[in-house]
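Residues per chain are reported as follows:
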Amino acid sequence: MVSFILRRILVSILILIAASFLMYVMVGYSAQPLQDLESSNSPNKQQLIDARVARLDLDVPPPLRWVLWLGGVAKCAIPFANACDLGSTISNAQVVDILPNALAATVQLVTFALVLAILLGVTIGIITALRQYSGLDNTVTFVSFFLFSLPAFLVAVLLKEFIAIGFNDFLRDPVIGGTALVVIGVIIGAIWQSLLGGDRRRRLVVFLVSGLATSGVLLLMSATGWFENPGLGPIPVILLVAAIAAGAATLLAGLRNRRALITAGINAALAIAAYFSLQPLFDVSSAGTLFILALATIGVGLVSGFLAGGYDRGQNMRVGLVTALFSGAVVLLDRFMQSWGDLLTATNGRPIATVGSKTPGVSGDVWLTGLDTFAHLTLPIVALLLISFAGYTRYSRAGMLEVLSLDFIRTARAKGLPERTVIVRHAFRNMLIPLTTLVAFDVGALLGGAIITEKIFAIPGMGSLFNSGLERGDLNPVMGYFLIVAAMAITFNFLADMAYAGLDPRVRIR
Amino acid sequence: MSTPIGLGPTPPEVPADELAAANSLPESQGRLIWRRFVGNRVAVASIIVLLAIILFSFSAIGIGPIPGWWRFGFKELNPQVNGGDPTLSLLPQFLGGDGVSLGEHPFGQDRIGKDYFAMTMRGIQNSALVMVVLGLIATVVGVVVGAIAGYYRGTVDAILMRVTDVFIVIPALVIGSVVGHWFGSLGAPVLAIMLGFFSWMGIARLVRGEFLSLREREFVEAARVAGASDMRIIFKHILPNAMGVVIVSATLIMASAILLETALSYLGYGIRSPDVSLGLLISSNQSAFQTRPWLFWWPGAFIVSLALLVNFVGDGLRDAFDPRHRRFKLSKMRETPPEPELEPKP
Amino acid sequence: MSIRGKLFRKSLSGVAVLGVAALALTACTTTGSTDTNTDTAGGGGTVTVAIVNDFTSFNNQTPQSNLDTNGIIGYLMGNYGSAFSYVDNEFNLVHEEEFGTFEKTSDDPQTVTYTLNPDNKWSDGEPVTADDMLLSWATQSGFFNSSTTDPDSGEVVTGTQYFDLAASTAGLDTTALPTISDDNLSMTLVYGTPYVDWEIINPIGQPAHIVAKKAGLGSAADLTELIMGLPKGDPASPAEADPTFKAAADFVNTGYDVTAFPTDPDLLVSSGPMVPTGWTPGQSFTMEPNKFYVAGMKPKIDKLILRVIPDANAEVTALQNGEVDIMYPQASADTLTALENTGADVLTGDQLSYDHVDLNFGSEVFADLSVRQAFLKTIPRQQILDSLITPINPDAEVLNSQIWVPANEPYSDSVSNNGSSDYAEVDIEGAKTLLAGATPTVSILYNSNNPNRVDTFQAIQESASQAGFNIVDKGSPDWSSLLSGGDYEASIFGWISPGVGSAGISQIFSTDGGGNYSRYTGTNDDALLTQITLDPDELIAIEKRMDKQMFADAYGLPLFQLPGVFGVSKRVSGVEYMGNQTGPFWNFWEWSVNE
């Protein structure tokens, strides 16, 4: 195992070096870092050209300059010396200094997009697999092909135009009109009936109930001015938490499992208690507080599951964990919503942003800044995740269908296991195995897609570093970008292999 | 741009009755695949529409010196008619419209009076060209590299796969930008060829995976015993059996090629003016989104249609080649192959 | 029941876990919710402006930091270009007499005296004195430099290069060591040779007391003493570098380059109306009024935020969404319409950069005057303007002078008799007559990555072909490096008119000028004469003569000025159009927020 990892790291470093040579030479020969000076009519033009040539060693041909650059990079390998030298930009900023900020912005974007794309894609993929050839399946198939064929910047432009500006305009006078209510109700109803399925009568009932309920709630929200001053309030919180507890127990253990029900119940009760008792603490919370609370939530979930005992403690702990996390999220969501008013004031009533990753000058508690970040990053993340979302739905749907047709599933069904157990405990895990490989590739695609997303949403991340560097013929930031992106691609590939080995018992790493 | 080049959405499965039919008839492999493909209505319709669009674009403004039936060329400057607005009218008179007519410039004109219909057609031509040329080059290079690596295994394989890795660690859009920055001004064919030389990695891995398993099969052994040369075994015996994987991934590369070119044009590294590509049209007119939306929507609609149609065709092909649920194996694109590092437990 | 017992145990352990967590929590909270954007103290409000490039340095005078955004921050901080004077939007140099005065006291030798108002202070409370002016002179004049550089690698071979400058030292390089008055408030410069653009010199840059501190000196006075004692640099026999002065210069050269908001408050010291208060790299730069500023450019607003948005379309949506108040993007006609649709105020005008067609006098084809004239006659300037510029700036006109832009006062006078009227209309017949049946081949160099140039080329190609010219497309993304090679007959590219000052003229129109890619010799003597003519009227007469000569020689044709568009939200008033690189910022002190 250790020797395998060491070998992989060594090979990866060699690959990285070779790829960096390729990249350096290609960019080096295509770049025109002197263009702005060559076409200027400044009297000391030659002097300025000389200065830039001297500072960036432009008189050295790219292959040799790569050796110089590599020498600087090699210093990064010296531990704790802080001697990294990735060169400087044309405007004399050390690439080492500008990388961390850019990296943070991009990692934030790409991580959220990746996680959401996987969660949504896999969920929808499984649902469509279980409802194969239904209207829902065909619609999702078409929609995912369609998303797959959309240029990323087209999506981004549309999102800004219709979601950001549209929603902010709506907030100015947040009343949902009658027609809109009906349309939304019909759409939501149609989605629910096709999700739940069943015979015609049942579908009709589901359609009517869900559609009317949605429209009704929206009407209530719009009548009470909820959009200006949102919040869940005690009763919805209790209801939601109860629903989560019931849902988690049903999905993971089945309603007949009493111990699972008890675990879920305890966690739900604790969450509700926390909702009432922790508000004063929330008011003085920092990000660190929230982190500790999250750890505590995980701990409570696991421990309560373990203590509930029974023949399957693992299952109980899962139930506990899922209930605790989701109910905790509801409590947090409620608290975040309470800061919505502050955000509206800070942004002149237009919270959803189209550029940047934070409102300049907004300082406040973790709730306000958190909400502000959310309002800035939602659209770029959606634009980015649409790129890979389609792939996940297609692959997880196909993977699920493939697994369901295998012998061991037939056996599981034959021995009388409920369908829930067959899907959740047997099929799901096996379906995930091939997806690990897709994740590794997807990271590369997302990092590439971030170049475009960052440009459109004016987020100063790695992508904009690369793009502006390439445009100006500024080699060093481009190479800094390359180093990080290539290293991430290699790392994710490696992790995917590890995950593959972990999930698939037939594979062993030597 | 979406999933890596060569990976696409997976197919719906083939209904059982078709499967049974396929298994019971003693047909040749090729005919079988053809029958399955023709049975897929969506795929057949897609390929017909796709070819129709491409033929339409070539017939409209011609190729090189051969003129087409449309009265304007894509570089010609014309006087502004109707303020550059599209003159196309589809609403018949009895519905209160101006009647069905093309008018002088059905898609409108750009700011210096070039006919936007001609430009869009040229854009389709160039996008199709990029798609086909990039797809072919990537496929040929990928097949050769993958076949040699998979067939010879050992050192040859190790070296070729490490070379593949060197190319694969750079995201497609990044390497595309650099290539486009360098070669974009040399015209669409050169750009497509150069991009093709940087897009073969996915297909090489897939083909290698196929070869690794196919080379152990009896028919290969038989050919070897009969004294066939390595080249003959690779290209005459093994490759035809791996054609499914090759054709399917080639289609998917083509679909992503269109989107890659579009993204490059947006960043300014694609085909350059005065030549035209759909991506260039849409990105140079993105500011017209609110004001002269037709400049944005015509090329946009064609980009989406081309990519969508190619994806549907690829999907249909995959069904046709892969009737049982064996399907496109992601594991064959893994950086680390199942052996030597990873191997099944006994 | 056993379950109940377990339930009890579980609840208990749950409580225990919570207790531990609560303990940990107390160590990790903030002190109540902090203020939320309550910085409208003065009631002047906040104005947000979209900019294209990020900030990189508090010293915008070095070769690596001479960028638009740095220049704007410098303008707001009073460095080089806003202390003694500023340029208004009609390109007049306005003296800012509340800060200080300057005047030419003698023509022979040319002598200029700068006198500071005694109340001026830096934003750290230190007074602004002649020490600061002397440092600025030392920086801009290159007086002490003794370096020789290797032409290939650009490295310094012998001697010492103290300050790295983006601007040319021309003009100030002939001045002698200045004299400083006893009250330490005025400085007198004596020029060795007359210098036409003396009025543009604005000798306030970095604070001398900070530079002195960074060089290890006690005070600004020590730095002045050091400067006064140094010998003039002589590249022929370079003296030993002075280590203290070198340290001061190195600090000025690179010490102001930053990648994050500096923790060292010394870098933020400003003599101008505003001080930097925050910077999130890549996103926003914040400035607030300088409490110590007493001169006339006092801002009415409380806070200025510069928001980095590289993409013009993103700027429009941001303005529409209320995220920025002012934007001045590289405009297209659609940007203009989109802006108008957002309900913002739209200001349009000309930029100082203009595109022009130049003929290569070194080529055989254009050695003949009639061929040059014939070619120029085919250039459809009005058509190019109508399709590229008028949609953005409805008032745009074809540019008819090689020297001035319409915003300059002498323009209209010069245009009426410089001979540009010969090329007012496309004259294919006239061109054919001049060519007399010949079909010369003309290759045209332009930047193929610039859509304006590509469209201009296509229009010229179409028109010139009708007269019998055989036009070859030499468009290239590498056009800038091909420009000096001369392997073309004509070129389409842009110059930036300075708006104020005449130093650029000899660059372009003298035989050995660095910008004379046309190998044109017809105006050499006059171009050199402009550089040493101090009488404004005489200067204009010479420039008019040059303008006329160039049209007579068929030098080439100016095409159009690039159009500029400002979008201004209804929240803000007082913004006026400005065509130079200062953009809307030129009159920032007049901005106010309507609430």
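Everything numeric here is computed off the predicted structure, so don't read it as measured data. (Residues numbered from 1 in each chain as written. Chains lettered and ligands numbered in written order. Predicted model: local features only at pLDDT ≥ 70, side-chain atom pairs only at ≥ 80, totals over all residues. Heavy atoms only, no water.)

## Structural notes on the side chain of Thr 113 of chain C
Residue and element names in this part refer to chain C.
For step 1, the next point in the chain: Tracing the backbone shows Thr 113 in strand E5 (residues 110–116).
For step 2, the next point in the chain: A polar atom in the side chain of Thr 113 sits 3.4 Å from the side chain of Thr 188.
For step 3, the next point in the chain: Setting aside anything within four residues of it in sequence, one finds Thr 113 in contact with Thr 101, Phe 102, Glu 103, Thr 105, Ser 186, Met 187 and Thr 188. (Helix = DSSP H or I, 4+ residues; strand = E, 2+ residues; numbered from the N terminus. Polar contact = N/O pair within 3.5 Å; in protein donor to acceptor, adjacent residues only side chain to side chain. Contact = heavy atoms within 4.5 Å.)

## Quick look at the sheet that holds strand E4 (residues 100–107) of chain C
Residues and elements named next belong to chain C.
For step 1, the next point in the chain: Pairing is antiparallel in the open sheet, where four strands are placed in the order E4-E5-E9-E8. Each end of this open sheet is capped by a strand with a single partner; those strands are E4 and strand E8 (179–180).
For step 2, the next point in the chain: Direction of pairing for E8 relative to strand E9 (residues 186–190): antiparallel, over a ladder of two bridges. Across the sheet, Thr 179 pairs through a bridge with Thr 188, a residue of E9.
For step 3, the next point in the chain: Those strands touched by helix H3 (residues 130–141) are E5, E8 and E9, and its axis lies near 30° from that of E9. (Pairing = 2+ DSSP bridges. Axes fitted to C-alpha atoms, helices over the stretch in contact; angles between N-to-C directions.)

## Examining the UniProt feature "domain: ABC transmembrane type-1" (unreviewed entry) in chain A
For step 1, the next point in the chain: The UniProt entry lists residues 103–496 of chain A under the feature "domain: ABC transmembrane type-1" (unreviewed entry), expressed in the numbering used here.
For step 2, the next point in the chain: Helix and strand shares over residues 103–496 of chain A are 82% and 0% respectively, and the end C-alpha atoms of the span are 22 Å apart. (UniProt positions renumbered as here; feature names shortened; annotations may be inferred.)

## With respect to the sheet that holds strand E1 (residues 46–51) of chain C
Residue and element names in this part refer to chain C.
For step 1, the next point in the chain: Across the sheet, ten strands lie side by side as E10-E11-E12-E1-E13-E18-E14-E17-E15-E16; this open sheet has mixed pairing. The sheet terminates laterally at strand E10 (274–280) and strand E16 (470–476), the two strands that pair on one side only.
For step 2, the next point in the chain: Across seven bridges, strand E14 (residues 345–359) lies against strand E17 (residues 490–496) in antiparallel orientation. The partner of Leu 359 across the bridge, within E17, is Ala 490.

## Notes on the state of the cysteines
Residue and element names in this part refer to chain A.
For step 1, the next point in the chain: Scanning the entire structure with this criterion turns up one disulfide over all chains.
For step 2, the next point in the chain: The partner cysteine of Cys 76 in its disulfide is Cys 84, sulfur to sulfur 1.8 Å. Across the S-S bond of Cys 76 and Cys 84 the torsion is about 125°, and the bridge reads as right-handed.
For step 3, the next point in the chain: The partly exposed category is assigned to Cys 84, whose relative accessible area is 30%. (Disulfide = S-S within 2.5 Å. Buried < 20%, exposed > 50% of the residue type's maximum accessible area, 1.4 Å probe, protein only.)

## Here we look at the nonpolar core
For step 1, the next point in the chain: With 170 residues, the main nonpolar core has Met 23, Met 400, Ile 452 and Phe 466 of chain A together with Leu 173 and Trp 200 of chain B as its most contacted residues.
For step 2, the next point in the chain: No other element matches the 18 residues that helix H16 (residues 366–404) of chain A contributes to this core.
For step 3, the next point in the chain: When we break this core down by domain, the ones giving at least three residues each are domain 1 (175–224) and domain 2 (234–351) of chain A.
For step 4, the next point in the chain: If near-sequence neighbours (up to four positions away) are discounted, Met 23 of chain A is found in contact with Phe 466, Val 478, Met 479 and Phe 482 of chain A together with Ile 170, Val 174 and Val 178 of chain B. (Core = buried A, V, L, I, M, F, W, Y, C linked by side-chain atoms within 4.5 Å. Domains from an automatic or database assignment.)

## Thoughts on the UniProt feature "domain: ABC transmembrane type-1" (unreviewed entry) in chain B
For step 1, the next point in the chain: Sequence positions flagged by UniProt for "domain: ABC transmembrane type-1" (unreviewed entry) are, in local numbering, residues 124–314 of chain B.
For step 2, the next point in the chain: The span residues 124–314 of chain B is 80% helical and 0% strand by assignment, and the distance between its end C-alpha atoms comes to 19 Å.

## Some thoughts on the pattern of salt bridges
For step 1, the next point in the chain: Applying the stated criterion across every chain, the model contains 25 salt bridges over all chains.
For step 2, the next point in the chain: Residue Asp 137 of chain A is joined to Arg 397 of chain A by a salt bridge in which the shortest nitrogen-to-oxygen separation is 2.7 Å. With Asp 137 of chain A in helix H6 (residues 135–148) and Arg 397 of chain A in helix H16, the pair connects residues that are 260 residues apart, well separated along the chain. No difference in accessibility class separates Asp 137 of chain A from Arg 397 of chain A, as the two residues are buried.
For step 3, the next point in the chain: In this structure, the salt-bridge partner of Lys 246 of chain C is Asp 250 of chain C, at a minimum N-O distance of 3.4 Å. (Salt bridge = Lys/Arg side-chain N within 4 Å of Asp/Glu carboxyl O.)

## Re the pairing of E1 of chain C
All names here are of chain C.
For step 1, the next point in the chain: For E1, the buried fraction is high: six of the six residues fall into the buried class.
For step 2, the next point in the chain: Burial along E1 is two-sided: the residues Thr 46, Thr 48 and Ala 50 and Val 47, Val 49 and Ile 51 are all buried.
For step 3, the next point in the chain: Examined bridge by bridge, E1 and strand E12 (residues 303–308) share six bridges and lie parallel to one another. Counted as the bridge partner of Val 49 is Leu 306 from E12.
For step 4, the next point in the chain: By the bridge criterion, two bridges tie E1 to strand E13 (residues 326–327) in an arrangement that is parallel. Bridge pairing in E13 places Ala 50 opposite Met 327.

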